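Structural description and commentary
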Amino acid sequence: MKIEAIGKPICYRWPGGEIVLRPGQPVEVETERARRILAKLGSRVRSVGMPQAGECITWESPLFGLSSGEVLETTAEGATVFHPLTEKLFTVPWTWIRPYGEGR
């Protein structure tokens, strides 16, 4: 997952490693480590390229075809949405999600 600092550069350390995050310079970080950093630093960092809660995504489902929905949360597996057809919570796999602007 790519993350970057918002505002000022941040040096984040953990046992056995460290990373320097700068605004406008996304850094690729292992997904679980990135999630820990995002949870701990809150509004001082952001993920880059992944939809966030509240954003609308479009995906291609093998069963239902092209669908869209609002992201409720993101996980390592994908983005959780309220499915427009089944009316149930559903985690859309990352590989199904279309790039921003495509299919809208």
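Going by the structure above, here's the rest.
Right, let's walk through the structure included here. (Residues numbered from 1 in each chain as written. Predicted model: local features only at pLDDT ≥ 70, side-chain atom pairs only at ≥ 80, totals over all residues. Heavy atoms only, no water.)

Quick look at the overall build of the protein chain now. A count of helical and extended segments in the protein chain gives one helix and nine strands. Along the protein chain, helices and strands appear, N-terminal first, in the series β-β-β-β-α-β-β-β-β-β. Taking all 104 residues of the protein chain together, the buried fraction comes to 33%. At a minimum sequence separation of 6, the contacts of the protein chain that also span at least 24 residues come to 39%. For the protein chain, the distance from the average site of its 13 positive side-chain charges to the average site of its 12 negative ones is 9 Å. (Helix = DSSP H or I, 4+ residues; strand = E, 2+ residues; numbered from the N terminus. Buried < 20%, exposed > 50% of the residue type's maximum accessible area, 1.4 Å probe, protein only. Contact = heavy atoms within 4.5 Å. Lys, Arg positive; Asp, Glu negative; His and termini not counted. Charge placed at Lys NZ, Arg CZ, Asp CG, Glu CD.)

Along any regular strand, the residues point their side chains to alternate faces of the sheet. Summarising the sheet, strand E2 (residues 10-14) and strand E3 (residues 17-21) pair through five bridges and their orientation is antiparallel. Within E3, the position partnered with Trp-14 by the bridge is Gly-17. Between the end of E2 and the start of E3, which pair antiparallel, lie two residues, with Gly-16 showing a positive phi angle near 90°. (Pairing = 2+ DSSP bridges.)

This part is about the packing of aromatic side chains. Applying the stated criterion across every chain yields a total of two aromatic pairs. Seen from their ring centres, Tyr-12 and Trp-14 are 6.0 Å apart, and the 40° between their planes marks the pair as tilted. Residues Phe-90 and Trp-96 carry aromatic rings whose centres are separated by 6.1 Å and whose planes lie at 35° to one another, so their mutual orientation is tilted. (Phe/Tyr/Trp six-rings, centres within 6.5 Å; stacked < 30°, edge-to-face > 60°.)

Oppositely charged side chains can pair when the atoms bearing their charge come close. The full count for this structure, using the stated rule, is two salt bridges. Of the charged contacts in the structure, one is a salt bridge between Glu-4 and Arg-46, with a shortest N-O distance of 2.6 Å. Pair noted here: Glu-4 is in strand E1 (residues 2-5) and Arg-46 is in strand E5 (residues 45-48), with a separation of 42 residues, a long-range link. Taking relative accessible area as the criterion, Glu-4 reaches 7% and is therefore assigned buried. Since its relative accessible area comes to 39%, Arg-46 is described here as partly exposed. The partner of Glu-18 in a salt bridge is Arg-13, and the shortest N-O contact between them spans 2.8 Å. (Salt bridge = Lys/Arg side-chain N within 4 Å of Asp/Glu carboxyl O.)

In this section: the sheet that holds E1. Ordered in space as E4-E1-E5, the three strands form an open sheet in which the pairing is antiparallel. Across the chains shown, the open sheet's two edge strands, defined by having one partner strand only, are strand E4 (27-28) and E5. Here E1 pairs with E5 via four bridges, running antiparallel. Across the sheet, the residue bridging to Ile-3 is Ser-47, located in E5. The sheet contacts of helix H1 (residues 31-41) involve E1 and E5, and relative to E5 the element is tilted by about 145°. (Axes fitted to C-alpha atoms, helices over the stretch in contact; angles between N-to-C directions.)

The subject of this paragraph is the environment of Trp-59. Checked against the element boundaries, Trp-59 lands in strand E6 (residues 56-61). Taking the C-alpha atoms as reference points, Trp-59 and Ile-19, separated by 40 residues in sequence, lie 33 Å from one another.

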